[in-house]
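The residues making up each chain are set out below.
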Amino acid sequence: MAAKQVRVSIRKLEEGMKLGQTIRDATGRVMIQQGAQLEDHYIQYLEEHGINSILIQEGEEDEPDVPLSEKAKRAVEMNRQDDPVKMQLREDVKKRVGEGVQFLFDNTESEKFITATNSVTDELTRAIMKYDAVAVDIATLKVSDEYTFKHSVDVASLSMIIGKKYGLKREEIRELGIAGLLHDVGKSKIPLEILNKPGKLNDEEFHQMKYHSLFGYKILEQNNGFSTAIKSGVLQHHEKMNGRGYPMGVGADKIHPFARIISVADVYDALVTERPYKKGFPKKDAIEIMMTMTDDLEMEALTSFLTSIILYPVDSIVRLSNGEYAKVVENNPNYPLRPKVVATESGAVYDLNNDVHCQSILIL
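Here the structure is a predicted model, which is why all the values come from computation and not from measurement.

Colleague: Help me understand the overall build of the chain, please; the structure alone is not making it clear to me.
Modeller: Scanning the chain from N- to C-terminus turns up 13 helices and 11 strands. Its C-alpha radius of gyration of 21 Å places the chain within 12% of the 21 Å reference for a compact globule of 364 residues. If you line up the chain on its principal axes, its C-alpha atoms span 65 × 55 × 40 Å. Sorting the 364 residues of the chain into buried and exposed places 51% on the buried side. Summarising the internal contacts of the chain: among those between residues at least 6 apart in sequence, 64% fall at separations of at least 24. Roughly 17900 Å² of accessible area belongs to the chain as shown, and the carbon and sulfur atoms make up 48% of that amount. Across the chain, the mean location of the 46 positive side-chain charges is 1 Å away from that of the 56 negative side-chain charges.

Colleague: How do you make sense of the side chain of serine 308 when you look at a structure like this?
Modeller: Structurally, the position occupied by serine 308 is in the loop between α13 (299-306) and β7 (309-310). Here serine 308 falls in the buried class, since its relative accessible area comes to 1%.

Colleague: Sorry if this is basic, but what is going on with the pattern of salt bridges here?
Modeller: Two side chains carrying opposite charge are able to pair once their charged atoms lie near each other. Per the counting criterion, the structure on display carries 16 salt bridges. Here glutamate 70 and lysine 73 are joined by a salt bridge, their closest N and O atoms 3.5 Å apart. One end of the pair, glutamate 70, and the other, lysine 73, are both in helix α2 (residues 70-79), 3 residues apart, so they sit about a helical turn from each other. The class for glutamate 70 is exposed, based on a relative accessible area of 52%. With a closest N to O distance of 3.8 Å, lysine 189 and glutamate 109 form a salt bridge. A residue pair is termed long-range when its members are at least 10 positions apart, and lysine 189 in the loop between α6 (170-182) and α7 (192-195) and glutamate 109 in the loop between α3 (91-106) and α4 (113-129) qualify at 80 residues.

Criteria and thresholds
Residues numbered from 1 in each chain as written. Predicted model: local features only at pLDDT ≥ 70, side-chain atom pairs only at ≥ 80, totals over all residues. Heavy atoms only, no water. Helix = DSSP H or I, 4+ residues; strand = E, 2+ residues; numbered from the N terminus. Rg over C-alpha atoms; globule rule 2.2 N^0.38 Å. Buried < 20%, exposed > 50% of the residue type's maximum accessible area, 1.4 Å probe, protein only. Contact = heavy atoms within 4.5 Å. Areas by Shrake-Rupley, 256 points an atom, 1.4 Å probe, with all protein chains shown as cover. Lys, Arg positive; Asp, Glu negative; His and termini not counted. Charge placed at Lys NZ, Arg CZ, Asp CG, Glu CD. Salt bridge = Lys/Arg side-chain N within 4 Å of Asp/Glu carboxyl O.

Next up, the structure:
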């Protein structure tokens, strides 16, 4: 069924409905993203802000209802390979994690700061370790629709999966998760008129914003219990391999591995996330952009990212540049943009990465 927008009274909203519009606050910040599944706290937010009705999306726009021919079904059965085990967060876990991160940003001087940090990180660690997850479906990353909290958890989740592929040990992955969660905690010290500005920052405002990584480092310094690796990840996550980053402008040999990994996760999530002053890039385009950023990002961390993400999950339907629809049957390690697919009508098998005859075929 094709997606359509239906206006629904707030009184008739139910959990699980999919939002058909983006909800913004008075400053233009995205509070609930279009496409989010409604939960109790979202509905409560809408009621508290006097919103009487909203658009609800019915049907799925990302999964066209394309039937498979008998020939295609046989080809799918012969070629289908399950995706690697993916990191999964249940909705109740997402809610706890989102609330936990909000507490951290609002209570940087609380005596419970370290305890709350450990609690949130342990939730993410369990989600990775319980089923030995080695990949993440980047379409499902979403914990909160408030940008700072969503971004922090997405970066932590991605960083931990990248870190596992990078070869870090369990305790290092856990510490990396803490650094990812807190990488932007210094923004709690940035003036709200800059942090919440709906438009692009001017040079002076951006200069102030660049201090957030240093502020974050100082917050962790004041809370005994954070390792040097965690503090380095927070301090250096905007440093670049060519030495043109901030706050210190150090080069590759001085950047901690945690910061190198967090930088990759941070760049990806920033590219795909919609902000009041910019539209998010499609995930495919974001990955293509990152593959050109070899002067900024460490190659090993970038490669670990590319081999850990699933852009087109097995069984999803995609549209090809040759005009055909196809079903994804196998993802190719190292090349998330080029899976193996089966055309839904002709049953033709296109190995977009390994078959030279498929070089000109793209997923649209």
